[in-house]
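Single-letter residue listing:
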Amino acid sequence: VEAVLFFVAALGALGGAIGVVAMRNPFYGVLALVVHLFSLAVLFLLLTAAFLAAAQVVVYAGAVVVLYVFVAAYVGGQTESAWEPIPGQRFLAPLLGAALFVELSVAVLASSLRAVSTDGPDVAAGFGDPAALGNLLLEKFLIPFEASSVLLMLAAVGAVILASRRGVAEEASAPPVSRAEHGPAGDGGAGGPFERFAREERSASGDSPLTLNRRVASEEGPAAAPPTTTPS
Amino acid sequence: MSIDWYIVLSALLFAVGAMGILLRRSPVVILLCLELMLNAGNLALIAFSRMVGNQQGQVFALVVMVVAACEVVVGLGLIVAIFRRRLPLDVDELRELRG
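Before going into details, it helps to say that this report is about the structure given with it. (Residues numbered from 1 in each chain as written. Chains lettered and ligands numbered in written order. Predicted model: local features only at pLDDT ≥ 70, side-chain atom pairs only at ≥ 80, totals over all residues. Heavy atoms only, no water.)

### Some words on the interface of chain A and chain B
On the chain B side, the residues contacting the 90 residues of chain A number 70 residues. Of the roughly 7,700 Å² buried between chain A and chain B on both sides combined, carbon and sulfur atoms contribute 73%. The interface formed by chain A and chain B contains zero salt bridges. Between the two partners, chain A and chain B, sit eight residue pairs in polar contact (both at pLDDT 80 or more). Counting residues per element, the ones that place at least two in the side of chain A that touches chain B are α1 (2-22), α2 (26-46), α3 (50-75), α4 (89-109), α5 (130-140), α6 (142-163) and α7 (166-172) of chain A. Residue composition of the side of chain A that touches chain B, grouped by class: 61 nonpolar, 19 polar and ten charged. (Contact = heavy atoms within 4.5 Å. Buried area = accessible area lost by both parts, 1.4 Å probe. Salt bridge = Lys/Arg side-chain N within 4 Å of Asp/Glu carboxyl O. Polar contact = N/O pair within 3.5 Å; in protein donor to acceptor, adjacent residues only side chain to side chain. Helix = DSSP H or I, 4+ residues; strand = E, 2+ residues; numbered from the N terminus. Nonpolar A, V, L, I, M, F, W, Y, C, P; charged D, E, K, R; others polar.)

### Side note on the nonpolar core
Formed by 64 residues in total, the largest nonpolar core has its most connected members in L43 and Y68 of chain A together with L13 of chain B. At the level of secondary structure, the elements contributing two or more residues to this core comprise α1, α2, α3, α4 and α5 of chain A together with α1 (3-23), α2 (27-52) and α3 (56-84) of chain B. Considering every element that reaches this core, the biggest residue donor is α2 of chain B, with eleven residues. If we skip the residues at most four places from it in the chain, L43 of chain A touches F6, A9 and A10 of chain A together with Y6, L9 and L43 of chain B. (Core = buried A, V, L, I, M, F, W, Y, C linked by side-chain atoms within 4.5 Å. Buried < 20%, exposed > 50% of the residue type's maximum accessible area, 1.4 Å probe, protein only.)

What follows is the structure, given as structure tokens:
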């Protein structure tokens, strides 16, 4: 039973991985990643890592894949150009991948690790369950645990800053000529919330930043140029 | 199943992920392939921890999962920022940082 389960899960993991690489549309690639992750969770269960299997399903299939799905849907299907910076890249890459696989397999299987071709020692019933891992994590590995929590916090803050709209709005008002044309409204924050919202909507609909600024400036006209008449 | 099956499978998954990074140009797909490679590393860590009969390898795999989640969040934030600036989503065209 264990061997059958292993081969089914291994085929699922491998098929999912190849699907990620081969799918043209990133959206389908993400769906193939879900198959891969669930198969890996089964493999983790076979290796008596129950907590990690649960974490794999919750963290990856629950959180990370949702992020990927949103970004893939937001970015949309981009067609990759056929231009190759290195000639013969399409044939070289699978060759290098196969070479890497052979090298890794030889490095592990031909090593002096005798235990690698056994089933591993018999372990107690609590091997890899949340209580055991929690004890290890909070006693022996407390400092890496805290460091990873700090890292998660930094990543969350960094992602919010990276993906926020403020950077784009500032860049859109960057040319000094257009800023002089339409006065303080060009700072991106002083134009009132509605105008800023409208500008962002317009920038989302595909204008380039430069023409966008010109259009805003021409719509406002010279009447909006003095600072006293800017709408609040 | 003996441990070496898991190790060979992990090597295979890692090679597939590396091949994907070499082949594809979309940054989203490259991040997906990075996920594949990190997961292959996790599988090897857990297989070796089973081989030794020690749970510390599983803690290591858990930390790798955390780092992978951070990397995904920052990478996807970068992709969204690139897309908002209407730069091409193609790692061969975004090469200004190359010396």
